[in-house]
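An overview of the molecular structure
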Number of protein chains: 2
Amino acid sequence: MKESGMAKPRRMGTETSETRVRLLDVTERIMIDDGYAAVSSRRIAKDAGVTPALVHYYFGTLDDLFLAVLKRRADQQLERQRRTISSSPRPLRRLWDVSKDPDGTALLSELMALANHRKIVRSELATYAEQFRKVQLEALQEHLAASGVDLHGVPVVSILVLIAGMSRGLMLEHSLGMETGLAETEAVIERLLDDLDRAAEASLT
Amino acid sequence: MKESGMAKPRRMGTETSETRVRLLDVTERIMIDDGYAAVSSRRIAKDAGVTPALVHYYFGTLDDLFLAVLKRRADQQLERQRRTISSSPRPLRRLWDVSKDPDGTALLSELMALANHRKIVRSELATYAEQFRKVQLEALQEHLAASGVDLHGVPVVSILVLIAGMSRGLMLEHSLGMETGLAETEAVIERLLDDLDRAAEASLT
DNA sequence: GTCTATAGTTCGATAGAC
DNA sequence: GTCTATCGAACTATAGAC
């Protein structure tokens, strides 16, 4: 299955085309720098040095393009994510550092905003996001169960929700130009995660 | 100062016009329901039952309209916010409940997304957001200092950043259709805030 | 595989009548 | 205070030449 559903018999570029990859790269960059609303076939074409028609040749509609951006990112990260948690000695801190990546966070924020008024993007994004959380939860639960660390009644999944929410939140406020409380809060969270990681490490020895 | 800078000598409606208020209401509703990208003079006019030209008559440009939406909301909330914290027996829980308001959170999220590519919106929003945080911080610091509660090294401002970030985060994930971990995490945060509130109350008696 | 040309929309904003 | 009429620009998407 290379494209959505039983589409019209229209010509469409191959998955491996270099141009296709470049168009995805350019689209990601526009979304990160100027927001999803700045994405148009003309803008993409201009930035990529091709003509607007090529965008439609490769992706059909803009919805399909957004879905392709989402799918590529998500597939890239999913397997890596699973390994990250189960192989790192400090999985929580590692997860936090990965979540803090400015580009990734910005792109995710834009996709979430986009999902607000593109039904197909919403359902795809929700599916991926749930999948991510479950993969992370499984790996983390395994890790913490083995170490027998005490969370004082806090569900393991809440640590993941906290990491996801606060990395997005801090990044958003920072890119807005806010300052009050950001650095302190980042430090508090990192200390918390480090403490948990260390406690888990200690119980394992 | 009723409008931005030394604008052209163009006619413009009064601040108190009923139509103007209705246009602001309709614009807020569109942003909350369908996102800022759905806002256009034609859409506003249609929903408000007037003609598109009226939007420009009252607000000039769309930027001015967005700024008016922001200003009205912010001014409404600012004084109320200050009173909320210093008058409630459980200020943190109260702040959390207010922050959870779906409409307010959605509108703020849209304004933040909008700020991503409208310079003037960004700087105004950042100014207001910083002002909010400082007002909250001042009131909260006073409250907590009087009660002498122990935060175990967590800065007071971080509680505010947490409330802001997680209320937005939980709401975003919920509106996306996600489920895993949301209810548990909301409960954890509310327990934490309630505990702090109770501790502060107890030290005051 | 990539291009030109273009149809068909929708938009912001303004001028000027009422 | 509200309307009609309209200009000029940007956009999505397609058909068909090369």
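Right, let's talk about the overall build of chain A for a bit. Assigned secondary structure in chain A consists of 9 helices and 0 strands. Seen in sequence order, chain A has helices and strands lined up from the N terminus as α-α-α-α-α-α-α-α-α. Taking the principal axes of its C-alpha atoms as reference, chain A extends roughly 60 × 40 × 30 Å. When each of the 205 residues of chain A is scored for burial, the buried share is 49%.

Residues and elements named next belong to chain A. Per the stated rule, a full pass over the model turns up 3 aromatic pairs over all chains. The interplanar angle of 65° and the centroid separation of 4.9 Å between the aromatic rings of Tyr57 and Tyr58 together place this pair among those described as edge-to-face. You can call Tyr57 partly exposed: its relative accessible area is 31%. When its relative accessible area of 9% is taken as the criterion, Tyr58 is described as buried.

The next thing to look at is the relation of the copies chain B and chain A. Turning chain B through 180° and shifting it by 0.0 Å along the axis lays it on chain A, with an RMSD of 0.1 Å. The superposition of one copy onto the other is thereby described by a two-fold rotation axis. A share of 100% of the interface residues of chain B reappears at the interface of chain A, consistent with the copies meeting face to face through the same patch.

Let's shift gears to the nonpolar core. Residues A:Met31, A:Ile44, A:Leu65, B:Leu23, B:Met31 and B:Ile44 are the most contacted members of the largest nonpolar core, which totals 77 residues. Among the nonpolar cores identified, the runner-up in size contains 48 residues, and A:Leu144, A:Leu170, B:Leu95 and B:Leu140 belong to it.

Moving on to the environment of B:Ile32. Residues and elements named next belong to chain B. Structurally, Ile32 can be placed in helix H1 (residues 18-34). A relative accessible area of 11% means that Ile32 is categorised as buried. Between the alpha carbons of Ile32 and Glu110 there is a distance of 7.4 Å; along the sequence they are 78 residues apart. Excluding its chain neighbours within four sequence positions, the residues that come into contact with Ile32 are Asp103, Ala106 and Leu107.

Before going further, it helps to spend a moment on the confidence of the model for chain A. With 93% of its residues at a pLDDT of 70 or more, chain A shows a mean pLDDT of 89. The spread of mean pLDDT over the elements of chain A runs between helix H4 (residues 62-87) of chain A, the lowest at 89, and helix H8 (residues 156-176) of chain A, the highest at 97.

What follows concerns the environment of A:Ala139. Residues and elements named next belong to chain A. Along the chain, the position of Ala139 falls in helix H7 (residues 119-147). Residue Ala139 is classed as buried on the basis of its relative accessible area, which comes to 10%. In this structure, the C-alpha to C-alpha distance between Ala139 and Thr16, residues 123 residues apart in sequence, is 32 Å.

With that settled, consider the pattern of salt bridges. All names here are of chain A. Using the criterion set out here, one finds 38 salt bridges over all chains in the structure. Residue Arg72 pairs with Asp25 through a salt bridge whose shortest N-O separation is 2.9 Å. Of this pair, Arg72 sits in helix H4 while Asp25 sits in helix H1 (residues 18-34); the two residues are 47 residues apart in sequence, bridging distant segments of the chain. By relative accessible area, Asp25 is classed as partly exposed at 39%.

Analysis parameters
- In this numbering scheme, every chain counts its residues from 1 along its sequence in written order.
- The order in which chains are written sets their letters, starting at A; the order in which ligands are written sets their numbers, starting at 1.
- pLDDT decides what is reported in this predicted model: residues at 70 or higher carry local features, side-chain atom pairs at 80 or more are listed and counted, and totals for whole chains, interfaces and linings draw on all residues regardless.
- Note that water and hydrogens are dropped before the side-chain values are worked out from all heavy atoms of the structure.
- The secondary structure listing takes helices from DSSP runs of H or I that are at least 4 residues long and strands from runs of E that are at least 2 residues long, numbered from the N terminus.
- To sort residues, take the accessible area from a 1.4 Å probe on protein chains only and compare it with the maximum for the residue type: under 20% means buried, over 50% means exposed, and anything in between is partly exposed.
- Ring pairs shown here join Phe, Tyr and Trp side chains whose ring centres sit within 6.5 Å, with only the six-membered ring taken for Trp; geometry is labelled stacked below 30 degrees between planes, edge-to-face above 60, and tilted in between.
- Superposition of the copies used a least-squares fit over C-alpha atoms from residues whose pLDDT is at least 70 in both.
- Two residues form a contact once any of their heavy atoms are found within 4.5 Å.
- For this analysis, a nonpolar core means a set of buried residues of the types Ala, Val, Leu, Ile, Met, Phe, Trp, Tyr and Cys, connected via side-chain atoms within 4.5 Å.
- pLDDT is a residue-level measure of predictor confidence that goes from 0 to 100.
- A pair is scored as a salt bridge if a Lys or Arg side-chain nitrogen falls within 4 Å of a carboxyl oxygen belonging to Asp or Glu.

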